[in-house]
Amino acid sequence: MLLPFHMRQVSALRLEDGADGTRPLSHSMTGHDNHDEPNATSAIPPHPLGIRPLGNKYLSDGDDARRFLGALQVLPDEMLMQLLDFLDCRTLRLFGYTCRFLFACSVSDDIWKTIFLESELGTESSFKWRGTWRATVLGLSPEQKPQIDCRSVYSDVLHRPFVCSHISLRHFAKDIPPVNKVDRLGDLSYNEFAERWSKKPFILTRCIQSWPVTRSWTLERLLSQYADVVFRAEAVDWSFATYCQYMRDNHDESPLYLFDRRFAEKMSLTVGKGEGAAYWKPDCFGPDLFELLGPERPAHRWLIIGPEGSGSTFHKDPNATSAWNAVVQGAKYWIMFPPLASVPGVFVSKDSSEVTSPLSIAEWLLEFHAEARKLPECREGVCEAGEILHVPSGWWHLVVNLEDGIALTQNFVPESHLGGVLSFLKDKADQVSGFENDTCDAYGLFVERLREQRPALLEDGLRQMAEKKRRWDTVVGDDECGGDQPPKKSAGFSFGFGFGDGDEDDDEIP
Ligand SMILES: O=C(O)CCC(=O)C(=O)O
Ligand SMILES: [Fe+2]
């Protein structure tokens, strides 16, 4: 995964009804909703401490807790929170006891997550998860929740994460405009894939039913079989039992996502057709050219488990690979854009090595989903349990779990994308990822293996690569070519987005 550099979008919330702040938000923050329709924010409960969005302050004639901050009043809320990030656990608690506003800041669970990760607990794989990072660090029981009345605290910075962790994500997966819908097919042959589909996203509804895991894996069964197996979930390595406790009882805006690439070894699974196999790669995607690298291939398969609301923020998959993602339990909403599209709310550095997007999936959905789905390049779909989705090389995607779920994913290099992968390995060597540390020339290694085992294909790939470069140079002129930012469309610009029969060239640009 290409990890984005996150940037929190802080925008003012609209005024909330109800002077006591105990009523749920009654209207959307996006301003696009019909007031009679339930929307993403209509079921949000009142904040447990009574914290309210900033806009409420201007209609209130009651207390304003911010006035008791003393000299710290000059600092905006964002900066106060950053300041608190520097405090250790004890100082943070003491600071929180000095006034109501700082108390509200000091119980923010994001700060406690950092404290957890930096403490000894952060390196343990099994411990008691207590519903919040703060309760877990401090060993608090459910009755020991913070109880201070914070109804005089008005702050978007403090209220917004609460909104984001309670919005209805299903709302965003509904009413997909027909032109946006990702194609849904039964199954495909390799020839059909190679000829028509390798550059398009699609969902196969009858492809993975024969996998043993499709019939046998549920979260409960995995828990009974693998409770003590330690899996990677972002920055932590937790036993599956611990992760399940977390998954069932957390209020994080971006829940920790279990994403483990050594799962087959850890669970003693056999992958690939044969006696006792748990699952195998579907035939339709054909040969995976990175298999020529044998044990030197970069990381390519992952077990993905997460609660409702977890998922992946906008990214392109590593090394210009394509991918498939099979849902074993749950359902995932996908929103995708072709390689050259500008995705609303996602900013890419000139060489595309850095991606800046809103901190959380919920925040992107609230701020940008309505605008994004109006774009002609947008593709959306829900991949249900028993279905598998194809992500073509270079496509942007954001994925969110609509239910607690299990998925298996694999990245691969189909013959039709060989030129794009070779270009990436050669021209973006600094962005190549997933190889063992001692592979410093991934391009050289891949070319060598292709030359030994598939020489004709290598010639083809090198031709594709040279042709791409020639066309790119013609369109942008030699010195303008700094990365793969889409060129400004001009009369002479001729790259398609690949919505025809799939043979337009919308690959990564050299
Ligand atoms: O299931 C998901 O969250 C999507 C995973 C993904 O996009 C990836 O592995 O690159
Ligand atoms: Fe991905």
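Residues numbered from 1 in each chain as written. Chains lettered and ligands numbered in written order. Predicted model: local features only at pLDDT ≥ 70, side-chain atom pairs only at ≥ 80, totals over all residues.

A.B. asks: Can you help me understand the overall build of the protein chain in this one?
C.D. replies: The helix and strand inventory of the protein chain stands at 16 helices and 18 strands. Relative to its full complement of 510 residues, the protein chain shows a buried share of 41%. Within the protein chain, contacts between residues at least 6 apart in sequence are counted, and of these 77% link residues at least 24 apart. (Helix = DSSP H or I, 4+ residues; strand = E, 2+ residues; numbered from the N terminus. Buried ≥ 20, exposed ≤ 12 C-beta atoms within 10 Å, placed from the backbone. Contact = placed C-beta atoms within 7 Å.)

A.B. asks: Would you mind going over the environment of Thr321 with me for this structure?
C.D. replies: For Thr321, the location among the structural elements is in the loop between β10 (311-315) and β11 (322-329). Sequence spacing of Thr321 and Asn411 is 90 residues, and the spatial spacing of their C-alpha atoms is 5.9 Å. What Thr321 contacts, discounting residues up to four positions off in sequence, is Ser393, Asn411, Phe412, Val413 and Val421.

A.B. asks: Whenever I open this one, the nonpolar core confuses me. Can you help?
C.D. replies: Nonpolar side chains in soluble globular proteins generally cluster together in the buried interior. Core analysis: the largest hydrophobic core is formed by 92 residues, its most contacted members being Tyr243, Ala326 and Val328. When residues of this core are assigned to their parent elements, the largest contribution, seven residues, is made by helix α13 (residues 361-372). Contacts of Ala326, omitting those with residues within four sequence positions, involve Ile208, Ile388, Ala407 and Leu408. Judged by nonpolar contacts, the second largest core, of 15 residues, contains Ile51, Leu54, Leu80 and Cys150. (Core = buried A, V, L, I, M, F, W, Y, C linked by C-beta atoms within 7 Å.)

A.B. asks: Help me out: how do you make sense of the sheet that holds β10 in this one?
C.D. replies: The strands that make up a sheet pair up through hydrogen bonds in the backbone, lying either parallel or antiparallel. Read from one edge to the other, the open sheet built from four strands follows the order β10-β17-β12-β15, with strand pairing classed as antiparallel. This sheet does not close on itself; its edge strands, each paired only once, are β10 and β15 (379-384). Averaged over neighbouring strand pairs, the angle between their axes works out to 15° when direction is ignored. Inspection of the sheet shows strand β12 (residues 331-337) paired to β15 by six bridges, in the antiparallel sense. Counterpart to Lys332 in the pairing with β15 is Cys383. (Pairing = 2+ DSSP bridges. Axes fitted to C-alpha atoms, helices over the stretch in contact; angles between N-to-C directions.)

A.B. asks: What's the story with the packing of helix α14 (residues 418-427) against helix α15 (residues 442-453) in this structure? I'm lost.
C.D. replies: Each packed pair of helices is defined by two parameters, the angle between the axes and the distance between the axes. For the pair α14 and α15, interaxial distance at closest approach is 8 Å and the crossing angle is 140°. On α15, the residues touching Leu422, Leu425 and Lys426 of α14 are Ala442, Tyr443 and Phe446. A class-by-class count of the residues in the contact of α14 with α15 yields five nonpolar, no polar and one charged. (Nonpolar A, V, L, I, M, F, W, Y, C, P; charged D, E, K, R; others polar.)

A.B. asks: Can you help me understand the environment of Thr242 in this one?
C.D. replies: Looking at where Thr242 falls in the secondary structure, it is placed in helix α11 (residues 240-248). When the 22 C-beta atoms within 10 Å are taken as the criterion, Thr242 is described as buried. Sequence spacing of Thr242 and Lys128 is 114 residues, and the spatial spacing of their C-alpha atoms is 7.2 Å. If near-sequence neighbours (up to four positions away) are discounted, Thr242 is found in contact with Ser125, Ser126, Phe127 and Trp129.

A.B. asks: Honestly, helix α16 (residues 455-476) in this entry has me stumped. Any pointers?
C.D. replies: An α-helix turns once per 3.6 residues; consequently, residues spaced three or four apart project the same way. Helix length check: α16, at 22 residues, gives a terminal C-alpha distance of 32 Å against a target of 32 Å (1.5 Å per residue), a fit within 8%. Within α16 the residues assigned to the buried category are Leu458, Gly461, Gln464, Met465 and Lys468. The buried residues of α16 all sit within an arc of 120° when viewed along its axis, so they share a single face. Turned more than 90 degrees away from the buried face of α16 sit Pro455, Ala456, Glu459, Arg463, Arg470 and Thr474, all of them exposed. (Expected span 1.5 Å × (residues − 1). Arc of directions from axis to C-beta.)

A.B. asks: Can you help me understand the pairing of strand β4 (residues 230-233) in this one?
C.D. replies: For a regular strand, side-chain orientation follows a simple rule: the groups alternate between the two sheet faces. The two faces of β4 differ: Phe231 and Ala233 on one face are buried, but Val230 and Arg232 on the other face are not. The loop that links β4 with its antiparallel partner strand β5 (residues 236-239) comprises two residues; one of these, Glu234, has a positive phi angle of about 55°.

A.B. asks: What is the right way to read the environment of Met267 from this model?
C.D. replies: Tracing the chain through its elements places Met267 in the loop between α12 (263-266) and β7 (270-271). Judged by local crowding, Met267 falls into the partly exposed class, with 16 C-beta atoms found within 10 Å. Along the chain, Met267 and Leu222 lie 45 residues apart, while their C-alpha atoms are 9.8 Å from each other. When sequence neighbours within four positions are dropped, the list of residues in contact with Met267 reads Tyr226 and Val229.

A.B. asks: How do you make sense of unusual backbone geometry when you look at a structure like this?
C.D. replies: Excluding glycine, residues mostly have negative phi values, and the peptide bonds linking residues are mostly trans. Notably, Asp175 is not glycine yet its phi reads approximately 50°, a positive angle. As for its position among the elements, Asp175 is in the loop between α7 (170-173) and β2 (183-185). The phi dihedral of Asn319 is positive, around 55°, even though this residue is not glycine. Mapping Asn319 onto the fold places it in the loop between β10 and β11. Taking the number of C-beta atoms within 10 Å as the measure of exposure, Asn319 has 25 and is therefore buried.

A.B. asks: What is the right way to read the packing of helix α10 (residues 219-226) against α11 from this model?
C.D. replies: Packing of α10 against α11 brings their axes to within 9 Å, and their N-to-C directions diverge by 145°. In contact with Leu219, Leu222, Leu223 and Tyr226 of α10, α11 contributes Phe240, Ala241 and Cys244. Among the residues making up the contact of α10 with α11, the classes are represented as seven nonpolar, no polar and no charged.

A.B. asks: What am I meant to see in α11 here?
C.D. replies: Most of α11 sits out of view: seven of its nine residues are buried. When α11 is considered as a whole, its buried residues turn out to be Phe240, Thr242, Tyr243, Cys244, Gln245, Tyr246 and Met247. On its buried side, α11 packs onto α10, β4, β5 and β6 (258-260).

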